Amino acid sequence: MSFTSFGLSERIMDAVRAVGYTTPTPIQSLAILPALAGKDLIASAQTGTGKTAAFVLPMLHRLTEGDATRGHQRDPRALVLTPTRELAQQVQQAVSDYGRFLSLRALSVYGGVSIDAQFKQLRRGADIVVATPGRLLDHMQRGSIDLSHVEVLVLDEADRMLDMGFIRDIRKIVGAIPKKRQTLLFSATISSDIASMAANILNDPQTVEAGERHNPAATIEQHFYAVPKERKMDLLVHAIQTESMESVLVFSRTKHGADKITKRLDQRGVVAVAIHSDRTQGQRERALESFRRGRVRVLVATDIAARGIDVTGISHVINFDVPLYAEDYIHRIGRTGRAGATGSAITFVGSDEQQYLRRIEQFIGRRFTLQQYPGMPAVTAFSAVPAEKPRRSEQMHIQPKSHTRENYHKRPRSKKAPIMTARKKKPIGKMESFSSSVGEQRWSNH
Ligand code: AMP
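Here we summarise the structure given alongside this text.

**What about the sheet that holds strand β1 (residues 41–44)?**
Right, so step 1: Spatially, the seven strands line up as an open sheet ordered β3-β4-β2-β5-β6-β1-β7, and their pairing is parallel. Unpaired on one side and paired on the other, β3 (106–109) and β7 (206–209) mark the two borders of the sheet. Going from strand to strand, the sheet's axes swing by 15° on average, the running direction of each strand aside.
Right, so step 2: Where strand β2 (residues 78–81) and strand β4 (residues 128–131) come together, four bridges link them in parallel fashion. Across the sheet, Ala-78 pairs through a bridge with Ile-128, a residue of β4.
Right, so step 3: Relative to strand β5 (residues 152–155), helix α3 (residues 51–65) is tilted by about 170°, and along the sheet it contacts β1, β2, β5 and β6 (182–187).

Below, the structure is given as structure tokens:
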């Protein structure tokens, strides 16, 4: 399929060519035609798969088509809701990129910045508003935005909006939009909560799914390393310094953790910046900009702050801790391996984090080998507990990475020994002292 087969307007096609896209991504191939036909859509697409263009291109086409009928009216005709300000900015950027030859005005409205400036911008009018739910609701309550002319509503990363507790805000916002509209819902995962939200908000939707539902992009290499909590920092520094990591995104579950990691990296000569929700918008933007421009090689982020980070060329994602929710794992590692590029995702698994690794395995429907980081002595003991069998529906997606691992699980339990796959590399000096006897199912430091 090519972009020309969609029948997008020439000006939009010029923009697509200008940004250098030649072939639609799978989600674009599936979503653009029904969206152009005016259908409501539930689209399941991983992050980094080109989902933004999948809704922005048909949205722009529709807005330019109806342009003649709109007169001087400048209340928004399209509204995109996103969970975070970073994602809102990213979507707004995509709208400007793809709409560069159109005379549509787009505006993003999110919290954490002065509301006064947004009042002014809203007074000037906008065809497209990209907003986070909380701030948008604020504007609605103050009467600074009128949603009664919205024709297209997009819920981007709907699963995350639900996770963040935006469901009530979304309901109120949707209540202020005409019923006669097109609604496009994009989500990395389609849970029962998403399905019930869709049932209330969408009208006879068509469902499109790009790729296997829970599978991260195939271009991402995934590694899981067993490492005790107190050695994670050593391992992080070692990994960054010895592997050729050009651009590293390190994830921490907490803001405090993100700050601590950044500080410790700095102390050990690795320049890093942190982004999380306790930092001001300006700090977050500056940090992101230094990282994007390659002035800083390491960005440390929390899950929420990292939503919407679209930096090309992130070579490595390192999960300093295992995310509590498998969906977060997919989102985290989706920051690398974007748009067909290869990437590497490394997860440090502490002895108390096995349960979260199991969740990821179940979610993806695939087992992972818990590896020993090259150079670390044999301490991987906890892999002897087999993962629960994936549900039938998930079994369809099983792509065993290692036959050894698969066969291992077929052996009688008593014969099982811990699995370790170690790549040959230089030992890490500091870690040599860290030891435990293989097969004892125990960590030395716990
Ligand atoms: P998204 O999933 O929308 O965040 O997009 C991920 C990345 O893919 C962004 O950097 C886009 O610019 C890029 N992208 C989107 N569509 C295409 C395409 N058809 N060809 C190449 N790159 C694309």
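**A short note on unusual backbone geometry**
If a residue is not glycine, its phi is most likely negative; likewise, a peptide bond is most likely trans.
Right, so step 1: With phi around 50°, Glu-157 is a residue other than glycine that occupies positive phi space.
Right, so step 2: Considering the arrangement of structural elements, one finds Glu-157 in the loop between β5 and α7 (158–163).

**Side note on the pairing of strand β13 (residues 343–349)**
Right, so step 1: The element β13 is extensively covered by neighbouring structure, given that seven of its seven residues are classed as buried.
Right, so step 2: Both strand β8 (residues 220–226) and β13 contribute to a ladder of seven bridges, which runs parallel. Bridge pairing in β13 places Tyr-225 opposite Phe-348.
Right, so step 3: Direction of pairing for strand β12 (residues 316–319) relative to β13: parallel, over a ladder of four bridges. Residue pairing for β13: His-316 is matched across the bridge by Ser-344.

**Looking at helix α12 (residues 281–292)**
Right, so step 1: Taking 1.5 Å as the rise per residue, α12 with 12 residues should run 16 Å; its terminal C-alpha atoms sit 16 Å apart, in good agreement.
Right, so step 2: Here α12 has its buried residues at Arg-284, Ala-287, Leu-288 and Phe-291. One face of α12 carries all of its buried residues, which in axial projection span an arc of 95°.
Right, so step 3: On its buried face, α12 sits against β10 (272–275), β11 (298–301) and α13 (303–306).
Right, so step 4: A positive backbone phi angle near 80° is found at Gly-294, which sits one or two residues after α12.

**Observations concerning the pairing of β6**
Right, so step 1: Most of β6 sits inside the fold, with six of its six residues counted as buried.
Right, so step 2: Residue alternation in β6 divides its side chains into two sets, Gln-182, Leu-184 and Phe-186 and Thr-183, Leu-185 and Ser-187, and both sets are buried.
Right, so step 3: Strand direction decides the pairing type here: β1 and β6, joined by four bridges, are parallel. By the bridge assignment, Ile-42 is partnered in β6 with Leu-185.
Right, so step 4: The pairing of β5 with β6 spans four bridges and is classified as parallel.

Cut-offs applied
- Residues numbered from 1 in each chain as written.
- Predicted model: local features only at pLDDT ≥ 70, side-chain atom pairs only at ≥ 80, totals over all residues.
- Pairing = 2+ DSSP bridges.
- Helix = DSSP H or I, 4+ residues; strand = E, 2+ residues; numbered from the N terminus.
- Axes fitted to C-alpha atoms, helices over the stretch in contact; angles between N-to-C directions.
- Contact = placed C-beta atoms within 7 Å.
- Buried ≥ 20, exposed ≤ 12 C-beta atoms within 10 Å, placed from the backbone.
- Expected span 1.5 Å × (residues − 1).
- Arc of directions from axis to C-beta.

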